[in-house]
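Architecture at a glance
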Amino acid sequence: MAEVVSPVPGAGRREPGEVGRARGPPVADPGAALSPQGEIIEGCRLPVLRRNQDNEDEWPLAEILSVKDISGRKLFYVHYIDFNKRLDEWVTHERLDLKKIQFPKKEAKTPTKNGLPGSRPGSPEREVPASAQASGKTLPIPVQITLRFNLPKEREAIPGGEPDQPLSSSSCLQPNHRSTKRKVEVVSPATPVPSETAPTSVFPQNGSARRAVAAQPGRKRKSNCLGTDEDSQDSSDGIPSAPRMTGSLVSDRSHDDIVTRMKNIECIELGRHRLKPWYFSPYPQELTTLPVLYLCEFCLKYGRSLKCLQRHLTKCDLRHPPGNEIYRKGTISFFEIDGRKNKSYSQNLCLLAKCFLDHKTLYYDTDPFLFYVMTEYDCKGFHIVGYFSKEKESTEDYNVACILTLPPYQRRGYGKLLIEFSYELSKVEGKTGTPEKPLSDLGLLSYRSYWSQTILEILMGLKSESGERPQITINEISEITSIKKEDVISTLQYLNLINYYKGQYILTLSEDIVDGHERAMLKRLLRIDSKCLHFTPKDWSKRGKW
């Protein structure tokens, strides 16, 4: 799944002082670069000069994946250790620090593929920000602002207790001394996982709105903090699901070898944009040596020259993606494309998407998938901005399989618009959904941001009725937003809003969180208008053939 927000320049950059960085230009010693065979070989590691996001020179440790000779000049394809693969590049001999070269050992501890030397580092592990600490004014936890309720003994012992059992007002206000003795560790920033029926209370204090959510513990989870990548990427029970072996793009890294770790397309011309791919994509081998690969922006067919593209455009009668237009507001439109009826377009779309998605493997079986392509309209036609795909039948409540905003349109709000549209479809279908795991680093950032803003928007919109504090459960939040309950809980924990106090769970919003949310919503100008959606869900389980 790709990336939905734009790449951060110098993404994956390590902090000063870490191993592998050498400041200042080293003095190259050609003799030090020679292997026992007399040349720099694949698998060598050494510092390589690059520019970071501050436009400063740095020397991170890199691994040489390939060497090629062009007109008597050697070029080296390097992967920066612990950096994202999209930063891999071809470098010249002058950018190598040959005095600190490390040759591969015969007994390499790193895994190999088909006898090829070198390590197989995937995308670097993403660091999840530390739990947000409320600065300035903080909310104390006095007794009068929290709700107390019994924790039934059955629910403590039985993970499958009745999650939908409503809590009466009397049970919420009766303290139970046994409930405080539950064996739940409260270690910051990790907090126990509340159940889906956590009531929310809203009350003003000191002139500002303060909110507390009291949640009843339900079934236990194997991991105690959903703020980490592992929790957010795995299935709800903490056990990663096995890779699916069908579909257009699936999570299967068994193919990952030296060849697929290298970018094979230099540049792609798509309409008025030229894109520099981030990752490998299995376009035909004869096209990988071209300086520019030309794509028709309407049918996504590829050609080897500008003349081929111009000849194709005289025959191509498409001015929008094939399929049904199910949404239009202003210049933004969404088209629904059946992977079986429009197989050629779907496969070409997957080839293009693979250039910017590293964590997926390309398959050509697009029949089980629907593709939703977002476009921007002008006098020349509907230009592709991004897309997401979803399974026609998902046994794990996935409402997105792959999602991508093309680089020219990133950092403009289109990523959240794609995510919001996927959940709008889930609302029409009457289901809750979640994106297919694992998410890319950029995809995880976008989904975390969307979940946070959507849930905070619900909590801040609660109003008191007849002087009483309004209440809401996690189940109700999930039904309103169509966000899966596990994602609701993980987002609340990621924001460090859930605390465990005297036998109950409470959720507090400080003024800093409220102010930050309001500022973020002012910048979010693009929103989905449900009135402009014309979509009728189909029951694919009853159809003999897709």
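Residues numbered from 1 in each chain as written. Predicted model: local features only at pLDDT ≥ 70, side-chain atom pairs only at ≥ 80, totals over all residues. Heavy atoms only, no water.

As annotated in an unreviewed UniProt entry, the protein chain carries the name Histone acetyltransferase KAT5 and comes from Equus asinus. Looking at the protein chain in UniProt, the text filed under Sequence similarities (unreviewed entry) is "Belongs to the MYST (SAS/MOZ) family." (UniProt positions renumbered as here; feature names shortened; annotations may be inferred.)

With that out of the way, let us pick up helix α7 (residues 441-460). Taking 1.5 Å of rise per residue, 20 residues should cover 28 Å, and α7 covers 29 Å from first to last C-alpha, within 8% of that figure. When you tally the buried positions in α7, you get 16 out of 20 residues, the bulk of the element. (Helix = DSSP H or I, 4+ residues; strand = E, 2+ residues; numbered from the N terminus. Expected span 1.5 Å × (residues − 1). Buried < 20%, exposed > 50% of the residue type's maximum accessible area, 1.4 Å probe, protein only.)

Glancing now at unusual backbone geometry. In this chain, Lys 437 is followed by Pro 438 through a cis amide linkage whose omega measures 0°. Turning to its location among the elements, Pro 438 is positioned in the loop between β21 (434-435) and α7. With a phi angle near 70°, Asp 82 is a residue other than glycine that sits in the positive phi range. With respect to the helices and strands, Asp 82 occurs in the loop between β5 (73-80) and β6 (89-92).

To continue, consider helix α9 (residues 485-494). Judged by how many residues are buried, α9 sits mostly within the fold: 8 of 10 residues are covered. Along α9, the residues that are buried comprise Glu 486, Asp 487, Val 488, Ile 489, Ser 490, Thr 491, Leu 492 and Gln 493. Looking at the packing, one finds that the buried side of α9 touches α6 (414-429), β21, α7, α8 (474-481), β22 (498-501) and β23 (504-507). Just past α9, the residue Asn 496 takes up positive phi, approximately 60°. (Contact = heavy atoms within 4.5 Å.)

The next point concerns the sheet that holds β5. Reading across the sheet, the 4 strands line up as β1-β4-β5-β6 and stay open at both edges, with antiparallel pairing between neighbours. Whereas interior strands pair on both sides, the edge strands pair on one side only; in this sheet they are β1 (45-47) and β6. On average, each strand axis in the sheet is tilted by 50° relative to the strand beside it, whichever way the strands run. Strand direction decides the pairing type here: β1 and strand β4 (residues 61-70), joined by 3 bridges, are antiparallel. Residue pairing in the sheet places Leu 46 in a bridge with Ala 62 of β4. (Pairing = 2+ DSSP bridges. Axes fitted to C-alpha atoms, helices over the stretch in contact; angles between N-to-C directions.)

All right, on to the confidence of the model for the protein chain then. Taken as a whole, the protein chain shows an average pLDDT of 73; of its residues, 63% reach a score of 70 or greater. Here residues 117-193 is a poorly scored stretch, pLDDT under 50, and it has 163 contacts once near neighbours within four places are set aside; other chains count. (pLDDT = per-residue confidence, 0-100.)

By the criterion of burial, β5 is predominantly enclosed, with 6 of the 8 residues buried. Strand direction decides the pairing type here: β4 and β5, joined by 8 bridges, are antiparallel. Among the inter-strand pairings, Val 67 is bridged to a residue of β5, identified as Phe 76. Counted along the chain from β4 to the antiparallel partner β5, the turn is 2 residues long, and its residue Ser 71 has a positive phi close to 55°.

Time to look at the UniProt feature "active site" (unreviewed entry) in the protein chain. The UniProt entry lists Glu 436 under the feature "active site" (unreviewed entry), expressed in the numbering used here. Following the sequence through the fold, Glu 436 ends up in the loop between β21 and α7.

Moving on, we get to the side chain of Ser 333. Relative to the elements of secondary structure, Ser 333 occurs in strand β15 (residues 332-338). At a separation of 2.8 Å, a polar atom in the side chain of Ser 333 contacts the side chain of Glu 325. When near neighbours in sequence (up to four residues on either side) are disregarded, Ser 333 contacts Glu 325, Tyr 327, Arg 328, Val 373, Met 374, Thr 375 and Phe 382. (Polar contact = N/O pair within 3.5 Å; in protein donor to acceptor, adjacent residues only side chain to side chain.)

Let us now look at the environment of His 517. Within the fold, His 517 resides in helix α10 (residues 511-523). In this structure His 517 comes out as buried when scored by relative accessible area, which is 7%. Along the primary structure His 517 and Thr 454 are separated by 63 residues, whereas in three dimensions their C-alpha atoms are 9.8 Å apart. Contacts of His 517, omitting those with residues within four sequence positions, involve Gln 453, Leu 456, Glu 457 and Met 460.

Following both chains from N to C, one finds α7 and α10 inclined at 115°, their axes separated by 11 Å at the closest point. In this structure, the crossing between α7 and α10 has a hand that is left-handed. Of α10, the residues touching α7 (which contributes Gln 453, Leu 456, Glu 457 and Met 460) are Ile 513, Val 514, His 517, Glu 518, Ala 520 and Met 521. Considering only residue class, the contact of α7 with α10 consists of 6 nonpolar, 2 polar and 2 charged. (Left-handed = near helix turned anticlockwise from the far one by under 90°. Nonpolar A, V, L, I, M, F, W, Y, C, P; charged D, E, K, R; others polar.)

Before going further, it helps to examine the pattern of salt bridges. Overall, the coordinates contain 21 salt bridges when judged by the stated rule. Here Asp 441 and Arg 86 are joined by a salt bridge, their closest N and O atoms 3.2 Å apart. Pair noted here: Asp 441 is in helix α7 and Arg 86 is in the loop between β5 and β6, with a separation of 355 residues, a long-range link. Per residue, the accessibility class of Asp 441 equals that of Arg 86, and both read buried. Here Asp 529 and Lys 329 are joined by a salt bridge, their closest N and O atoms 3.6 Å apart. Note that Asp 529 is positioned in the segment after α10 and Lys 329 in strand β14 (residues 324-329), a separation of 200 residues in sequence. Overall, the relative accessible area of 23% leaves Asp 529 in the partly exposed class. One continuous salt-bridge network, built from bridges that share partners, spans Glu 420, Glu 457, Arg 524 and Arg 527. (Salt bridge = Lys/Arg side-chain N within 4 Å of Asp/Glu carboxyl O.)

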